[in-house]
Each structure stands twice: as structure tokens, then as C-alpha cells.
Amino acid sequence: IEQLILVGSNPCFIQKEGWPHAMPESELLKFANSLSDDYKQTLLRFLAVQSRGSERGREELRELRGELFDHGEPDPQALAGGLEILRSADLRTLLPTIKQKTLVLHGNRDTLTPVAAAEFTAAQLPRGELNISDAAGHAPFISHPDQFITAVEEFIDV
């Protein structure tokens, strides 16, 4: 891997002592419980969270909802496993070991992963570059595809 691009990421998804740039663990656990009760409805709510804050949030949500089950339905156990990874993983101390040139792309209006997490990530990466889209939320590749593509192309020097 020569280059890496991180989009709307967070090295530690759950708030911990000294790490407020994430969601409270109780919120993630509520989401996990809801997922086991009705994963379809929970996924639809999760899409709403992803598009919240974006200046094109409604259009973004409509697009995401339209594509959610286009390729079949997910395995609920895989979804639960993914949430467990988000709950337990803390990769902050590993960031300085990533030697590849890395672009950290983030939406300034992201309500799922705070901008402060992106700033921290870029600062900890030895070759990190930060690109924040002012009007985008959690999915800048959907809400602002032209700006997103330009940032990626400039980074990879097309």
C-alpha cells in the first residue's frame, strides 16, 4: 500500500477518558440492541444519522435509502460484529506507525464522527494530510462528489 485515504473515520469510535471526540458507549449499545430487534429499521435510522448535518442531507438520505438493499440483505451477525469492532477498537496509538502518505477526508458537518477526530488523526500520521469539506456531513463522496473526487485526484496526483 503506497497511499491511504480515510473518509469520515475515527481511530476510537467510543468516548473514553481523554477522548471526547466520539459517541458515548451507551449510544452505540442502544444502536446494537435496536439492531438485534429490527435491523432493517435500525439501518434506515443509521442512514439518517450519516446524512444529518450535510447541506444536501435530504437528497443524500433519499439516495442512500434507495441503495440500501440493492445487493441483498446484510447478515445481522456481521452487522453486530461490526458494531463490536467499533465499540472495542482503539487505534489511536497505532497512527504514528502508518508510514504511507495518508489523506484524511472529512465533512465539517459530520455528526457521526467529529471533525476533532479527523484533526487528531491527520496530526498523528507522519505523512497525514487533512481535507475538510465545509458543507458535507459523514458521506462527502455522496453529498459532494465533485469536491470529493477533486480532493482524491489531487492527493493521488492524477
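Here the structure is a predicted model, which is why all the values come from computation and not from measurement.

So, how was this worked out
Residues numbered from 1 in each chain as written. Predicted model: local features only at pLDDT ≥ 70, side-chain atom pairs only at ≥ 80, totals over all residues. Heavy atoms only, no water. Helix = DSSP H or I, 4+ residues; strand = E, 2+ residues; numbered from the N terminus. Rg over C-alpha atoms; globule rule 2.2 N^0.38 Å. Buried < 20%, exposed > 50% of the residue type's maximum accessible area, 1.4 Å probe, protein only. Contact = heavy atoms within 4.5 Å. Areas by Shrake-Rupley, 256 points an atom, 1.4 Å probe, with all protein chains shown as cover. Lys, Arg positive; Asp, Glu negative; His and termini not counted. Charge placed at Lys NZ, Arg CZ, Asp CG, Glu CD. Pairing = 2+ DSSP bridges. Right-handed = clockwise from strand over helix to strand, strands pointing away. Arc of directions from axis to C-beta. Core = buried A, V, L, I, M, F, W, Y, C linked by side-chain atoms within 4.5 Å. Salt bridge = Lys/Arg side-chain N within 4 Å of Asp/Glu carboxyl O. Expected span 1.5 Å × (residues − 1). 1 Å grid on protein atoms, 1.4 Å probe; cavity = no way out; pocket = protein on both sides within 12 Å on 5 of 7 lines; lining within 4 Å. Points joined across faces, edges and corners; volume = space filled by probe spheres on them. Nonpolar A, V, L, I, M, F, W, Y, C, P; charged D, E, K, R; others polar.

Draft legend 1. Structural context of the overall build of the chain. Helix and strand counts for the chain come out as seven helices and three strands. Listed by position from the N terminus, the elements making up the chain come as β-α-α-α-α-β-α-β-α-α. By the compact-globule yardstick of 15 Å for 158 residues, the chain fits well, its C-alpha radius of gyration being 16 Å. Taken over the C-alpha atoms alone, the chain extends approximately 45 × 35 × 25 Å along its principal axes. Relative to its full complement of 158 residues, the chain shows a buried share of 35%. Considering only contacts within the chain whose residues lie at least 6 apart along the sequence, 73% involve residues at least 24 apart. Of the roughly 9,100 Å² of accessible surface on the chain, a fraction of 52% belongs to carbon and sulfur atoms. Between the centroid of the 15 positive side chains of the chain and the centroid of its 24 negative side chains there is a distance of 5 Å.

Draft legend 2. Representation of the pairing of strand β2 (residues 101-107) in the model. Across the seven residues of β2, six count as buried, placing the element largely inside the fold. With six bridges joining them, β2 and strand β3 (residues 128-133) adopt parallel strand pairing. Counted as the bridge partner of Leu103 is Glu129 from β3. Handedness of the crossover is the feature at issue here: the chain leaves β2, passes through helix α5 (residues 115-124), returns alongside β3, and the resulting connection is right-handed.

Draft legend 3. Representation of α5 within the structure. Taken together, the buried positions of α5 are occupied by Val115, Ala117, Ala118, Thr121 and Ala122. All buried residues of α5 fall inside an arc of 155 degrees around its axis, so they share one side.

Draft legend 4. Examining the nonpolar core more closely. Among the nonpolar cores identified, the biggest contains nine residues, and these are Phe13, Ile14, Met23, Leu28, Leu35, Tyr39, Leu43, Leu83 and Leu112. Once residues within four sequence positions are removed from consideration, Ile14 is found in contact with Trp19, Ala22, Met23, Pro24, Glu25, Leu28, Leu86 and Arg87.

Draft legend 5. View of the pattern of salt bridges. Counted by the stated rule, this structure contains four salt bridges. The partner of Glu25 in a salt bridge is Arg87, and the shortest N-O contact between them spans 3.1 Å. Of this pair, Glu25 sits in helix α1 (residues 25-37) while Arg87 sits in helix α4 (residues 76-88), and the two are 62 residues apart along the sequence. For Glu25, a relative accessible area of 33% corresponds to the partly exposed category.

Draft legend 6. Layout of helix α7 (residues 145-156). With twelve residues, α7 extends 16 Å from end C-alpha to end C-alpha; this agrees with the ideal 16 Å at 1.5 Å per step. The complete set of buried residues in α7 reads Phe148, Ala151, Val152 and Phe155. One face of α7 carries all of its buried residues, which in axial projection span an arc of 95 degrees. Across from the buried face of α7, at angles greater than 90 degrees, the exposed residues are Asp146 and Glu154. Lining the buried residues of α7 we find β1 (3-7), β2, β3 and α6 (140-143).

Draft legend 7. Local environment of the layout of surface pockets. Roughly 460 Å³ of volume is contained in the largest pocket. What lines the largest pocket is a set of 24 residues, and nearest its centre among them are Phe31, Phe46, Val49, Leu83 and Leu112. Looking at the lining of the largest pocket, the elements that each hand over two or more residues are α1, α2 (39-51) and α4. Each residue belonging to the lining of the largest pocket can be placed in one class, and the counts come to 16 nonpolar, four polar and four charged. As a volume, the second largest pocket reaches approximately 250 Å³. Lining the second largest pocket we find 15 residues, and of these Ser9, Asn10, Pro11, Leu91 and Leu95 sit closest to its centre. Looking at the lining of the second largest pocket, the elements that each hand over two or more residues are β1 and α4.

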